[in-house]
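Letter by letter, the chains look like this.
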Amino acid sequence: MTIYDIAAGAGVSIASVSRFFNHPDLLSESIQQKIRKVLENNDYIPNQMARGLALNSTKTIGVMMSDMSHQRFSLIASYLEQAFFDWGYNTVFCNTGDDQRKMQQYLFMLSSRRIDALILVGSVFASFNMKEDLEKYFGEDVPVLTSDLDLDMPNCFSVTPDHNHGIRSAIKHLAERGHEYIAFVAGTGSLNTNRKIDAFLRALAEYDLPINIDSNVIHLPFSAADDPDLDFSAVVKQTGIPYTGLIFSHDQFAARAVSSLIFHGYKVPGDFAVIGYDNSAYSLCCQPTLTTIDTQPRSIARVIANQVNDIFHHRDVGNSVIIRPSLVIRSST
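Residues numbered from 1 in each chain as written. Predicted model: local features only at pLDDT ≥ 70, side-chain atom pairs only at ≥ 80, totals over all residues. Heavy atoms only, no water.

**A look at helix α12 (residues 297-312)**
Keep this limit in mind: Each helix is a run of DSSP H or I of at least 4 residues and each strand a run of E of at least 2, with the numbering of both proceeding from the N terminus. For a helix, the expected span equals 1.5 Å multiplied by the number of residues minus one. Three exposure classes are used, based on accessible area relative to the maximum for each residue type with a 1.4 Å probe and protein chains only: buried under 20%, partly exposed in between, and exposed over 50%.
With 16 residues, α12 should cover 22 Å at 1.5 Å per step; its first-to-last C-alpha distance of 23 Å lies within 8% of that length. Within α12 the residues assigned to the buried category are Pro297, Ile300, Ala301, Ile304, Ala305, Gln307, Val308, Asn309, Ile311 and Phe312.

Structure below.
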């Protein structure tokens with residue numbers, strides 16, 4: 001019987017069940033009686049190890065991300081915070097940027113606060129010597145859960161989008177609409193973006209579409225998305241390839257490109273079909289609205305939160321979970 005079963009049977013929150021085992025004085029007598037009745041009816045014997053962990057813990061979980069303004073990251077963080085709050089845990093958020101010194105200072109702070117678990121959101125941490133730092137500050141005592149990042153550590157548990165599936169569905173969608181020349185526009189050089197590029201090139205080969213390593217992938221600084229003078233049609237023409245299908249590494253970049261193409265007299269999807277990535281708010285903030293690859297941030301956060309809860313209650317947890325993105329078809333294709 002799990003904490004979820006007890007909460008459902010008693011008609012109370014998961015946080016109330018947690019308090020019943022750890023701090024019953026914080027609950028009214030009526031709520032305690034409801035929970036006690038469910039336990040008695042099910043001959044429930046509490047897991048003393050799990051209860052001991054909760055009693056000795058700081059009830060604090062650390063969440064580190066490279067950019068809190070990135071909508072996908074902020075959505076994952078928001079869902080995690082709500083789940084942990086409902087379970088009676090505090091969440092400490094750390095925004096590291098691409099600064100390794102800042103990251104190490106945060107790791108030191110979190111270790112000094114004796115957090116019960118650490119969550120890393122984003123693949124940028126792959127560029128740091130993360131494994132060594134985690135072993136230094138936490139050893140194997142603190143579970144580490146990651147989004148978009150795999151770390152070869154026994155106490156690490158990863159949740160990663162299947163970019164092969166997401167990109168393949170986008171290529172199939174464009175090919176079925178007659179697009180032969182398709183380009184991928186990369187706005188960053190992160191591990192996650194490189195995975196998308198690899199998946200893109202594999203999908204082109206799978207659908208027997210033209211591949212030119214030097215031009216199929218268009219690299220632009222992410223800051224170009226904020227350039228008011230961006231002429232994206234000129235960027236495409238510079239490749240020398242008549243691309244009509246465009247897949248972007250982020251929705252923000254794709255939405256800006258749609259505005260630029262239309263401003264310079266092109267039709268979307270008439271002249272160009274555009275697909276974004278992440279199904280963020282940006283995908284709905286342009287006209288036409290963006291077809292986009294939804295990387296399922298809600299599902300990622302839900303899996304991570306449940307993994308944390310299972311680890312705390314000494315239940316078996318798989319070290320690697322793959323989430324399948326889905327293609328959301330809108331007006332830009």
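**Examining the sheet that holds strand β3 (residues 117-121)**
What counts here: At least two DSSP bridges between two strands are required for those strands to pair. Axis definition: a line fit to C-alpha positions, over the contact stretch in the case of helices; interaxial angles, taken between N-to-C directions, run 0 to 180 degrees.
Judged by pairing direction, the sheet is parallel, and its six strands sit side by side in the order β2-β1-β3-β4-β5-β11 without closing on themselves. The sheet terminates laterally at β2 (90-95) and β11 (320-323), the two strands that pair on one side only. The sheet shows a mean angle of 15° between the axes of neighbouring strands, direction not considered. With four bridges connecting them, strand β4 (residues 144-147) and strand β5 (residues 156-161) associate as parallel partners.

**Things to note about the side chain of aspartate 133**
Note the cut-off: Positive charges come from Lys and Arg, negative ones from Asp and Glu, while His and the chain ends are left out of the count. Salt-bridge detection follows one rule: a side-chain nitrogen of Lys or Arg within 4 Å of a carboxyl oxygen of Asp or Glu.
Here aspartate 133 is to be found in helix α7 (residues 130-138). At 5.5 Å, lysine 136 is the nearest oppositely charged side chain to aspartate 133, a buried residue that forms no salt bridge.

**Focus on the sheet that holds strand β7 (residues 217-219)**
As a reminder of what qualifies: Any two residues whose heavy atoms approach within 4.5 Å at even a single point are treated as in contact.
Sheet architecture is open: six strands sit in the order β7-β6-β8-β9-β10-β12, paired in mixed fashion. Across the chains shown, the open sheet's two edge strands, defined by having one partner strand only, are β7 and β12 (326-328). Neighbour-to-neighbour, the strand axes of the sheet open up by a mean angle of 25°, direction not taken into account. Bridge count between strand β10 (residues 291-294) and β12: three bridges; the pairing is antiparallel. Directly across from threonine 292, in β12, lies its bridge partner valine 328. Of the strands in this sheet, β6 (182-186), β7, β8 (245-248) and β9 (273-277) touch helix α9 (residues 191-206), which is tilted by about 175° from β6.

**Examining the nonpolar core**
For clarity, the threshold we go by: Take the buried Ala, Val, Leu, Ile, Met, Phe, Trp, Tyr and Cys residues and link them wherever side-chain atoms come within 4.5 Å; each set so joined is a nonpolar core.
One finds Val17, Ile35, Ile61, Leu80, Phe84, Ile119 and Leu145 to be the most contacted residues of the largest nonpolar core, which totals 39 residues. Listing elements by their share of this core, those giving two or more residues are α1 (3-10), α2 (14-22), α3 (29-41), β1 (60-65), α5 (71-86), β3, β5 and α12. Considering every element that reaches this core, the biggest residue donor is α12, with seven residues. Discounting residues that sit within four places of it in the chain, isoleucine 61 has contacts with Phe84, Tyr89, Asn90, Thr91, Val92, Ala117, Ile119, Val308 and Phe312. In terms of nonpolar packing, the next biggest core, distinct from the first, is built from 23 residues, Ala225, Tyr243, Ala254 and Cys286 among them.

**As for the packing of aromatic side chains**
Each aromatic ring pair is described using two quantities: the centre-to-centre distance and the angle formed by the ring planes. Heads up, the rule is: The pairing test for Phe, Tyr and Trp rings, Trp by its six-membered ring, is centres within 6.5 Å, and the orientation test on the planes gives stacked under 30 degrees, edge-to-face over 60, and tilted for anything in between. Placement of a charge over a ring requires the Lys NZ or Arg CZ to be within 6 Å of the ring centre, with the centre-to-atom vector within 35 degrees of the ring normal.
All chains considered together, the criterion is met by seven aromatic pairs. On the basis of an interplanar angle of 40° and a centroid distance of 5.6 Å, the ring pair of phenylalanine 184 and phenylalanine 200 is categorised as tilted. One end of the pair, phenylalanine 184, is in strand β6; the other, phenylalanine 200, is in helix α9, with 16 residues separating them in the sequence. Put simply, the rings of Phe232, Phe248 and Phe253 pair up and form one aromatic cluster. Over the aromatic face of tyrosine 277 sits the side chain of lysine 196, whose NZ or CZ is 4.0 Å from the ring centroid.

**Structural notes on a negative patch on the surface**
Note the following rule: Put simply, a patch holds well-exposed residues, over 30% relative accessible area, that have no salt bridge, with like charges counted together within 9 Å and Val, Leu, Ile, Met, Phe, Trp or Tyr side chains within 5 Å. Surface exposure here means Shrake-Rupley accessible area, sampled with a 1.4 Å probe, where a residue is shielded only by the protein chains that are shown. Charge positions are represented by NZ for Lys, CZ for Arg, CG for Asp and CD for Glu.
Together, Glu132, Glu135, Glu140 and Asp141 make up a region of like negative charge exposed at the surface. Considering the arrangement of structural elements, one finds glutamate 140 in the loop between α7 and β4. Note on glutamate 140: relative accessible area 58%, which makes it exposed.

**Some thoughts on the pattern of salt bridges**
Evaluated as defined, the whole model comprises eight salt bridges. One salt bridge in this structure joins glutamate 29 and arginine 36, with 3.8 Å as the shortest N-O distance. Accessibility expressed as a relative area gives 45% for glutamate 29, which makes it partly exposed. Classification of arginine 36 by relative accessible area gives partly exposed; the value is 30%. With its nearest N and O atoms 3.1 Å apart, the salt bridge here joins arginine 168 to glutamate 206. Of this pair, arginine 168 sits in helix α8 (residues 163-176) while glutamate 206 sits in helix α9, and the two are 38 residues apart along the sequence. In this structure, a network of salt bridges that share partners links the residues Arg72, Asp148 and Asp278.

**Looking at the pairing of β6**
In terms of burial, β6 is a largely internal element, five of the five residues being buried. Here β6 shows no split at all, with Ile182, Phe184 and Ala186 on one side and Ala183 and Val185 on the other all buried. With four bridges joining them, β6 and β8 adopt parallel strand pairing. Counterpart to phenylalanine 184 in the pairing with β8 is isoleucine 247. Relative to β7, β6 is paired through three bridges, and the arrangement is parallel. Bridged to alanine 186 within β7 is histidine 219.

**Remarks on the packing of α8 against α9**
Selection rule: We call two directions roughly parallel when the angle between them is under 35 degrees, roughly antiparallel when it is over 145, roughly perpendicular when it lies between 65 and 115, and oblique otherwise. Here a crossing is taken to be left-handed if its near helix is turned anticlockwise relative to the far helix by less than a right angle, and right-handed if that turn runs clockwise.
Two elements in contact, α8 and α9, have axes whose closest approach is 8 Å; the angle formed by their N-to-C orientations is 50°. When the interaxial angle is binned, α8 and α9 end up oblique. The handedness of the crossing between α8 and α9 comes out as right-handed. Touching His163, Asn164, Ile167, Arg168 and Ile171 of α8 are Asn192, Arg195, Lys196, Ala199, Phe200, Arg202, Ala203, Leu204 and Glu206, all from α9.

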